[in-house]
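# Coordinates in review
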Amino acid sequence: MNPGFNKLRIASSAAMLQTCVSYALLLLGIWGEVCNALSIPFVAPSADVLKAEGLKPQEVTFAAAADGTLIPQTGWTVAVDSFQPNAPGVNAIDRDPNTFWHTEWSPINAPLPHTFTIDMQATYNVDGIGYLPRQDGNSNGNIGSHQIFVSTDNVTWVLVAFGMYYDDSTQKYTSFETIPTRYIQIKALSEAGNRGPWTTAAEFTVFAASSYTPPSPNQGKWSATIDFPLVPVSAALHPNGKVLVWSSYTSSDFIGGNGGQTLTSTFDPAANTVTERLVTNTGHDMFCPGISLDVNGRVIVTGGNASPKTSIRDPTADNWVTGAQLKIPRGYHASTACSDGRIFTIGGSWSGGEGGKNGEIYDPKSNAWSLLPGCPVAPMLTADTAGVYRQDNHGWLFGWKNQYVFQAGPSKAMNWYNTASSGAQNGAGNRASDGDSMCGNAIMYDASSGKILTIGGSPNYSNSPSKSNAHIITLGAVGANPVVTTIGNMNYPRTFANAVVLPSGQVFIAGGQNNAQPFSDVGSQLTPELWDPNTNAFTTMTPNTIPRNYHSFGLLLTDGTVLVGGGGLCGTCSTNHFDAQIFTPPYLLNADGSPAPRPSITSVSATVFTPGSRLTIKTNVPVTLAALVRLGTTTHTVNTDQRRISLTLSGGAGNTYTASVPNDFGITLPGFWMLFVLNANKTPSLATMVQVKKKKGGDF
C-alpha cells in the first residue's frame, strides 16, 4: 500500500473504520450501492492519494434515475418523423436494449430535428423519462441537444426539459416536476458528437409519481429541467448573463484523472441552450477549487484536484488562460475579492498536503501570488473529527474595508484577516452560541449595513447531524468583534444547501440534507425556504422533485430568478444529477401564477463607475427601491462573490430617480454588479449590468 494512504487517517477509530470501509468499497466499484443501503457515508480520500493508489478514470457515466415508478409500456404507440425500414420507432419501446430506432439514413439522410412521440393510452402523473442510446457499439445518432414536451390531448404541449446529453452509451435520465401526461415528445435538435443528422434510441422509458399537487403561485414555481452533459458542481455567472458550469476531468467523477483537463458547459438563459467545452490548454482539473471574480469579470479558479494551478476564464475573449501557480497547493479552500481588487485565499487541506494552508493573495494585474505569513489558518479551524483534512475547508470569507477580509465561519470562531503588507490576523469572537457549521451558508444580504445571514451546516463534514440554526452578523469597525444576533431557526435542518440573495434582500434557500452524508440523497430537503430580512421569518416555498445535496450549486440570474442544480459527481453512484432548474420567486408572479408586471430600467447615467458615484436611473413606471447585487460564483455551498447593496432612491418626477453608491470599495467591491429596480410589490426589473472600478488611470 502506498504510504500516501496514511492521508486517510482520522481521529477516532469509528471514523477510521468508516473511511476504510468506504475506500475498500470504492476499490471494488460498489461503494455507492452498499454505502447507501447501509447508510454509510463515503469519506473521499484526497485526489493525490487516489492517484497514488492507481485508480483509473471512470469509463462510463452513471446518472440518478427519475424519482418515480416505471410505467409499463404495454399498449403504447409511437409516431416518429423518420425511420430506417429495419429500425422503426417501435424498437425504442420494446424493452429490448439490443434493438433501436434509427432515423432514415438511406437512400437519404433525413435532416434534424427529429421527433419521437409516445402515446401511453392513459394519463399518468409523470416526473421523468429515461433514454438509453443504442447499445451496438456505434455512437451514430446519440441524442445531444434536445427538448422534451408533454401533453394530455396531443394538441397543447408543455416544455418540461431541454438541454444536452453527454455523448456515450450509458443510460440517461431526465427528471422534471410532476405533471399529468398522456403524450410525450422527445425532440432531438443535434447529434451528440456532430457526426451526422441522425437520431437513434434503444429504449425510452417513462416514470410516474405517486401523486400530483398543483403548485401554489404564492410559493413560487420551478421551471423546466435543464439537462447538462456533466454534473454541474461549480458555477459562475458571466457579465453577458450566461452561466458557466463545470465538473472535473470527466462528466460524472472526480477520481482518477491526471489533473490536466476540465469538462465545462455553458447555459444561455436567453436562448435556452446548453453547450459543452473540454478545457485542456491550462492543464488544470478544476474540481473543488476556490473561485472569485476579478474587476473585469474574469473567473479566477484556483487549486482543487490540480492543487497548485490557477486557471482564468475570460468571458469577453471566450477563452481560458493559465494563471500563476499558488504558493501553497490547495483544494476545498475558499477565496474572495478584496477592496483593492486582489484575491485572498486560505485553507484547503483536501488536496496538496494537509495543514499549514495559510493565507496568500493574488494580484490579477501582475498575475502573481504572494504569501501572507501574518494570516495563519489555525484560528479558523473547526473541530472536525477527520482532522485538518476537513477542518480548514470552505471558509465563509467576505472582502471588506481597507483590504480586510472577515471570516464568518464555518468554524464557530470568527476572524479578521488584514491582507496589506505581509498580512495580519485577529480574532473576532464566536458566532454567538452557534457551533461549527461546516457546509452551511453565509450571505451578505445588506452590505451597506455590514449584515450577514448564516444558516445551517454540521459540526463535521460527514456522518453528522445538520442544524437549522440562523444568525445575523453585523460588522462594525474593522478588526472589532461584530454583533451576532440569534434569530428563529429555519423550518428544516440543512447541510450542503445553497442560499442566494435576491434583489429584494430576501434569501432563497434550496436543497441540503438533514444529516451530512456526501454522495447520498438520503434525508434530502426538497422544500426550499425564503427568508425575509424585515421579519426574520423563514417561509416554505414550492417543493421540487430533484434532490440538491453535496456538490450542488445555486446562483442568482439577471432576471431575478435562481438557478439551482447539480449534486453527486461520484462515478458509479446513484446520485449523479446532470441537471438544473430555475426557481421563480413569488415576487415575479401574480395570484393566478401568471408573470407579474415588471418595472424596467430605461436608462442609467453610467454603467461603469466608482464607489461614491451618484447615479441617475430612469424607469418606465414608478419604483420604490433599487439594489445592486454582485455577480456570483459557487461551489460546495461557498459563494463569496455574491452580496447585495440597497440603494435609496430620491426624486421620482417623470420616473427619474437618483441614488448614491456607497463610497467604499470594501462595501462596493470592484467588479460586475446587477442593477435592479423594484416596484411597491418588490417585483424586480431585469438587471442592467454595471461595473465598479477605479477612475481611468487608476484601475486595479
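As the structure is a computational prediction, the values presented were derived from the model and not from experiment.

Across its full length, the protein chain carries four helices and 50 strands. Over its C-alpha trace the protein chain gives a radius of gyration of 25 Å, about what one expects of a compact globule, namely 27 Å for 700 residues. For the protein chain, the exposed surface amounts to about 23200 Å²; the carbon and sulfur share of it is 52%. Here the protein chain contributes 40 positively and 44 negatively charged side chains, and the mean placements of these two sets differ by 12 Å.

Turning next to the packing of aromatic side chains. Using the criterion set out here, one finds 28 aromatic pairs in the structure. With centroids separated by 5.6 Å and ring planes inclined at 70 degrees, the aromatic side chains of Phe287 and Trp350 adopt a geometry described as edge-to-face. Of this pair, Phe287 sits in the loop between strand 15 (273–279) and strand 16 (290–293) while Trp350 sits in the loop between strand 21 (343–346) and strand 22 (360–363), and the two are 63 residues apart along the sequence. Across this residue pair, the class does not change: Phe287 and Trp350 are buried. Its guanidinium or amino end placed over the ring of Tyr461, Arg390 lies 3.7 Å from that ring's centre, counting from NZ or CZ.

Another aspect to go through is the state of the cysteines. In total, this model carries one disulfide according to the counting rule given. Cys570 shares a disulfide with Cys573; S-S distance 1.8 Å. Between Cys570 and Cys573 the disulfide shows an S-S torsion of about 65 degrees. By sign, it is right-handed. Under the relative-accessibility criterion, Cys570 is labelled buried at 3%.

The antiparallel open sheet is built from five strands, whose spatial order is 15-14-13-12-45. Here the strands that pair on one side only, and so sit at the sheet edges, are strand 15 and strand 45 (633–635). The mean inter-strand angle of the sheet, taken between neighbouring strand axes irrespective of direction, is 20 degrees. When strand 14 (residues 262–268) meets strand 15, the two strands line up antiparallel, connected through seven bridges. Opposite Thr262, over in strand 15, you have Val279 as the bridge partner.

It is worth spelling out the nonpolar core at this point. Core analysis: the largest hydrophobic core is formed by 65 residues, its most contacted members being Leu453, Ile455, Val507, Phe508 and Leu563. Ignoring sequence-local partners within four residues, the contact set of Ile455 consists of Gly440, Asn441, Ile443, Asn469, Ala470, Met490, Ala499, Ile509 and Phe538. If you look at the next biggest cluster of nonpolar residues, it comprises 40 residues, including Trp396, Phe406, Ile601 and Ile645.

The next thing to look at is the confidence of the model for the protein chain. Predicted confidence across the protein chain gives a mean pLDDT of 92, with 91% of residues reaching 70 or more. pLDDT under 50 marks residues 1–59. Its contacts with residues more than four places away, or in other chains, come to 105 contacts.

Throughout the structure, instances matching the rule amount to 15 salt bridges. Glu191 is paired through a salt bridge with Arg195; the nearest N and O atoms lie 2.9 Å apart. A salt bridge links Glu360 to Arg330, with the nearest nitrogen and oxygen atoms 2.9 Å apart. Of the two residues, Glu360 sits in strand 22 while Arg330 sits in the loop between strand 19 (319–322) and strand 20 (334–337), which places them 30 residues apart along the sequence. Note on accessibility: Glu360 and Arg330 belong to one class, buried.

Along the chain, the position of His284 falls in the loop between strand 15 and strand 16. In terms of polar contacts, His284 uses its side chain to reach the backbone carbonyl oxygen of Gly303, at 2.8 Å. If sequence neighbours within four positions are ignored, His284 has contacts with Gly259, Gly260, Gln261, Thr262, Val301, Thr302, Gly303, Ala306, Lys309, Thr310 and Ser311.

Turning to the side chain of Ser504, a few remarks are in order. Locating Ser504 in the fold gives a position in the loop between strand 33 (498–501) and strand 34 (507–510). Of note is the side chain of Ser504, whose polar atom sits 2.7 Å from the side chain of Gln506. The contacts of Ser504, once residues within four sequence positions are left out, are Tyr587, Arg644, Leu678 and Lys682.

We now examine the environment of Ser248. Note that Ser248 resides in the loop between strand 13 (243–246) and strand 14. With 20 residues separating them along the chain, Ser248 and Asp268 place their C-alpha atoms 21 Å apart. Discounting residues that sit within four places of it in the chain, Ser248 has contacts with Asp253, Phe254, Gln261, Thr262, Leu263, Asp285, Phe287, Asn305 and Leu569.

Let us now look at unusual backbone geometry. Residue Pro107 follows Ser106 across a cis peptide bond; omega there is 10 degrees. Residue placement: Pro107 occurs in the loop between strand 3 (101–102) and strand 4 (114–132). Pro113 follows Leu112 through a cis peptide bond whose omega is 0 degrees. On the secondary structure map, Pro113 appears in the loop between strand 3 and strand 4. Its identity as a non-glycine residue notwithstanding, Arg95 has a phi of 65 degrees, on the positive side.

Here we take up the sheet that holds strand 21. Strand order in the open sheet made by the four strands is 20-21-22-23, with antiparallel pairing throughout. Each edge of the sheet is formed by a strand with only one pairing partner; in this case those strands are strand 20 and strand 23 (368–371). The average undirected angle you get between the axes of adjacent strands in this sheet is 25 degrees. Bridging between strand 20 and strand 21 involves four bridges; their strand directions are antiparallel. Of the residues in strand 21, the one forming a bridge with Ala334 is Ile346.

As a further point, take the environment of Ala235. Position of Ala235 relative to the elements: it lies in strand 12 (residues 234–237). Ala235 sits 338 residues away from Cys573 along the chain, and the two C-alpha atoms are 22 Å apart. Apart from residues lying up to four places away in sequence, Ala235 is in contact with Val243, Leu244, Val245, Trp246, Phe553, Leu555, Thr633 and Thr634.

Reading guide: rules and limits
- Residues numbered from 1 in each chain as written.
- Predicted model: local features only at pLDDT ≥ 70, side-chain atom pairs only at ≥ 80, totals over all residues.
- Heavy atoms only, no water.
- Helix = DSSP H or I, 4+ residues; strand = E, 2+ residues; numbered from the N terminus.
- Rg over C-alpha atoms; globule rule 2.2 N^0.38 Å.
- Areas by Shrake-Rupley, 256 points an atom, 1.4 Å probe, with all protein chains shown as cover.
- Lys, Arg positive; Asp, Glu negative; His and termini not counted.
- Charge placed at Lys NZ, Arg CZ, Asp CG, Glu CD.
- Phe/Tyr/Trp six-rings, centres within 6.5 Å; stacked < 30°, edge-to-face > 60°.
- Buried < 20%, exposed > 50% of the residue type's maximum accessible area, 1.4 Å probe, protein only.
- Lys NZ or Arg CZ within 6 Å of the ring centre and 35° of its normal.
- Disulfide = S-S within 2.5 Å.
- Pairing = 2+ DSSP bridges.
- Axes fitted to C-alpha atoms, helices over the stretch in contact; angles between N-to-C directions.
- Core = buried A, V, L, I, M, F, W, Y, C linked by side-chain atoms within 4.5 Å.
- Contact = heavy atoms within 4.5 Å.
- pLDDT = per-residue confidence, 0-100.
- Salt bridge = Lys/Arg side-chain N within 4 Å of Asp/Glu carboxyl O.
- Polar contact = N/O pair within 3.5 Å; in protein donor to acceptor, adjacent residues only side chain to side chain.

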